[in-house]
Amino acid sequence: MGRAPSVILGLCSYTHDSSAALLVDGEMIGFVEEERLSQQKHTKDYPRHAVEWLLDEAGLTAADVDAVAYNFQPAHYLAESPAALRLALSPTTRNRALPRARGFARVALRTQLRIRSLGRRFPSACVSPVLHHRAHQLTAFAASGWNESAVLVVDSLGERQTTTIAHGHDALHPSTHTLQAIKDPASLGYVYGAVTEHLGWRRGDEEGTVMALAALGDPQRFRHLFARAVRTTPTGFVVDPAYFPPRVLTSGYPRTSRHFIAETCPERHPSEPLQAVHRDLAAALQERTEQVMLHLARRARMITGSRRLCVGGGVATNCVSIGRIIEDGVFDEVFVPPAPGDAGTAIGAAIAVHTSSRSQRPVSGVARACYLGPSYQDQALDLTPWQGLQQKKLGVETAEFLADQLAHGMIVGLFQGRVEAGPRALGHRSILASPLEPGVVERLNATVKFREPFRPFAPMVLAERAAEFFTLGQEAPYMSMASGVTDKASERVPAIVHANGTSRLQTVTRSQNPFMHDVLSAFARRTGVPVLINTSLNVKGKPICGTPEMALDCLANSGLDALLLEGRWITK
């Protein structure tokens, strides 16, 4: 590359959770997940809507893109193909050896073809494949804004890697150096997804449901099974193929063995009622996940010497595990980026290409930024397609008005400003409710979100008053950490305390979100409690509402009482 690329498009595409990010001279123009615009949850399609919005936002065309950063490297898939043949040496894994070798070879070829297709879309660009875990590492580290930290990435699979420990340096020109890598088939994300599927939920989508269910079970029943199935070692962990057969990148190969089923329970159909055995299985899985994550965090502390930790990858969305790491005190501070999963790797891939080009321009607009998607503040609103909806324009006292409605028991959708990055609604695409309202959790689950009754709801709290209600001891701006609660929280706001005694909180500062800070302050003046329930603006099975049309559909087809959409109060 003769000169440092000025316009770099980062892409996550063709696998799941498609997304796009755009860097221009090192500055983050924006990032958005395709599902927020296409309405197709976890879509693997090329992120057409996301790319169109980003280029339009920057006043550019496809011909202006200098580099496309893609979040996988095909050659690393190919390297696993001959390595997979070693499985033939064991009777337990022999039948997976050839299918695994063929599967990795096919994915390597498919990835190469995808890279070529991206080149045809951007004729002036060099397409650069980025190692998946490097993209995860850079996403997490750059978003922290720190000048140095340990970086732990744990996911299901990135080419061959499933877990990496790295050292991150330089906030202005972020770089990470991998110190240790664990390869498939040792994969914590694979195990969690396998059990999620076994329990009747969608792998890659509903692991959070299993985490919630775990609080209702007793891990003792299957504790020893998971200790055998996922065994820690001095440098990491291994997975016993007798319980979780090695991955084959082709459908039709189960992820749990007959041995696992015999020692636990038959696969649960989604329509079957939940039984104690399902709750206990979830509890044991969650307990082992927390133990392994804590073991990996301690390993990261030891080999990096850092007092701070960034965590990325899909398993980083397991907020209870993150809470356990914080609670352990091995690090002074722990950070999880707003988009720790694969969608966020579009950001890290773009940063990787920017820093590799030796550009002197610092990376900007990424550190501590979560509102990176499209905004619709100036868009005219036509309610004709939604018969029965009515609107009125609110004035300057919008925060006071909203707080008053919430204090009187209304459940309100909030659509304002730029779309959040990542899987959590952070006060721009949220559903808000008072935690003081009797039966609010039951009503939200049954008539608004249409989801399982045991699912908890997360609180948002004024950062300066968080210690009154939560024991975390650090800020949690992206709702990615489970915290213990104080006696005051248990007494005043039990609705936000899950069965395991934790809450996945979001701390809100004035600088992060001035409007929500005002709403929480106004709610506190009325009720004495600076805490609101905050869940994502969507119903089960649908993506978070990225556009006004999606938000209006959510209002019209759910039990929401009202929607505050860019200063307009919309009711049924």
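Student: Could you give an account of the packing of aromatic side chains, with specific residues and numbers?
Tutor: Scanning all chains against the criterion turns up 12 aromatic pairs. An angle of 35° between the planes, with centres 6.0 Å apart, marks the rings of F72 and Y77 as tilted. By relative accessible area, F72 is classed as buried at 4%. Judged by centre distance (6.5 Å) and plane angle (75°), the ring pair of F226 and F260 falls under edge-to-face. Note that F226 is positioned in helix 8 (residues 223–229) and F260 in helix 9 (residues 258–263), a separation of 34 residues in sequence.

Student: An account of the pairing of strand 1 (residues 7–12) is needed here, citing residue identities and associated values.
Tutor: The buried count for strand 1 comes to six of six residues, which makes it a mostly enclosed element. Sheet analysis places strand 1 next to strand 2 (residues 19–24), joined by six bridges and oriented antiparallel. Looking across to strand 2, one finds that L11 is bridged to A20. Between the end of strand 1 and the start of strand 2, which pair antiparallel, lie six residues, with Y14 showing a positive phi angle near 80°. As paired elements, strand 1 and strand 4 (residues 67–70) share four bridges and run parallel to each other. From the neighbouring strand, L9 faces strand 4, where its bridge partner is V68.

Student: Please set out empty space enclosed by the protein residue by residue, giving values where relevant.
Tutor: The tally for this structure, following the rule as stated, stands at two cavities of 30 Å³ or more. The calculated volume of the largest cavity comes to roughly 70 Å³. Forming the boundary of the largest cavity are T139, A143, P337, P338, A339, I347, V366, A369, L372 and A421. Taken together, the residues of the lining of the largest cavity break down into nine nonpolar, one polar and no charged. The space that makes up the second largest cavity amounts to roughly 50 Å³. Surrounding the second largest cavity, T317, P337, P338, P340, P423, R424, Y478, M479 and S480 form its lining. Partitioning the lining of the second largest cavity into residue classes produces six nonpolar, two polar and one charged.

Student: Explain the environment of E464 to me, using residue names and the numbers behind them.
Tutor: Inspection of the secondary structure assignment puts E464 in the loop between strand 16 (459–462) and strand 17 (481–484). With a relative accessible area of 53%, E464 lands in the exposed category. C-alpha of E464 to C-alpha of R228: the two residues are 236 residues apart in sequence and 44 Å apart in space. Setting aside its immediate chain neighbours within four residues, E464 contacts V508 and H517. A distance of 2.9 Å separates polar atoms of two side chains, one belonging to E464 and the other to H517.

Student: I'd like to hear about the packing of helix 7 (residues 207–214) against helix 10 (residues 276–304), residue by residue, with values.
Tutor: Packing of helix 7 against helix 10 leaves a shortest axis separation of 7 Å and a crossing angle of 100°. In terms of orientation, helix 7 and helix 10 fall into the roughly perpendicular class. Facing helix 7, whose interface residues are V210, M211, L213 and A214, helix 10 presents H278, R279, A282, A283, L285 and Q286.

Student: Outline the sheet that holds strand 7 (residues 161–169), listing residues and values.
Tutor: Spatially, five strands are ordered 8-7-6-11-12 in an open sheet, and the strand pairing comes out mixed. At either end of the open sheet lies a strand with only one pairing partner, and these are strand 8 (175–183) and strand 12 (333–335). Each neighbouring strand pair of the sheet contributes to a mean axis angle of 20°, computed without reference to strand direction. In this structure, strand 7 lies alongside strand 8, joined through eight bridges in antiparallel fashion. Directly across from Q161, in strand 8, lies its bridge partner K183. Its contacts with the sheet place helix 5 (residues 132–144) against strand 6 (148–158), strand 7, strand 8, strand 11 (308–312) and strand 12, and it is angled at close to 140° to strand 6. Its contacts with the sheet put helix 10 on strand 6, strand 7, strand 8 and strand 11, and the angle it makes with strand 7 is roughly 35°.

Conventions adopted
- Residues numbered from 1 in each chain as written.
- Predicted model: local features only at pLDDT ≥ 70, side-chain atom pairs only at ≥ 80, totals over all residues.
- Heavy atoms only, no water.
- Phe/Tyr/Trp six-rings, centres within 6.5 Å; stacked < 30°, edge-to-face > 60°.
- Buried < 20%, exposed > 50% of the residue type's maximum accessible area, 1.4 Å probe, protein only.
- Helix = DSSP H or I, 4+ residues; strand = E, 2+ residues; numbered from the N terminus.
- Pairing = 2+ DSSP bridges.
- 1 Å grid on protein atoms, 1.4 Å probe; cavity = no way out; pocket = protein on both sides within 12 Å on 5 of 7 lines; lining within 4 Å.
- Points joined across faces, edges and corners; volume = space filled by probe spheres on them.
- Nonpolar A, V, L, I, M, F, W, Y, C, P; charged D, E, K, R; others polar.
- Contact = heavy atoms within 4.5 Å.
- Polar contact = N/O pair within 3.5 Å; in protein donor to acceptor, adjacent residues only side chain to side chain.
- Axes fitted to C-alpha atoms, helices over the stretch in contact; angles between N-to-C directions.
- Parallel < 35°, antiparallel > 145°, perpendicular 65-115°, else oblique.

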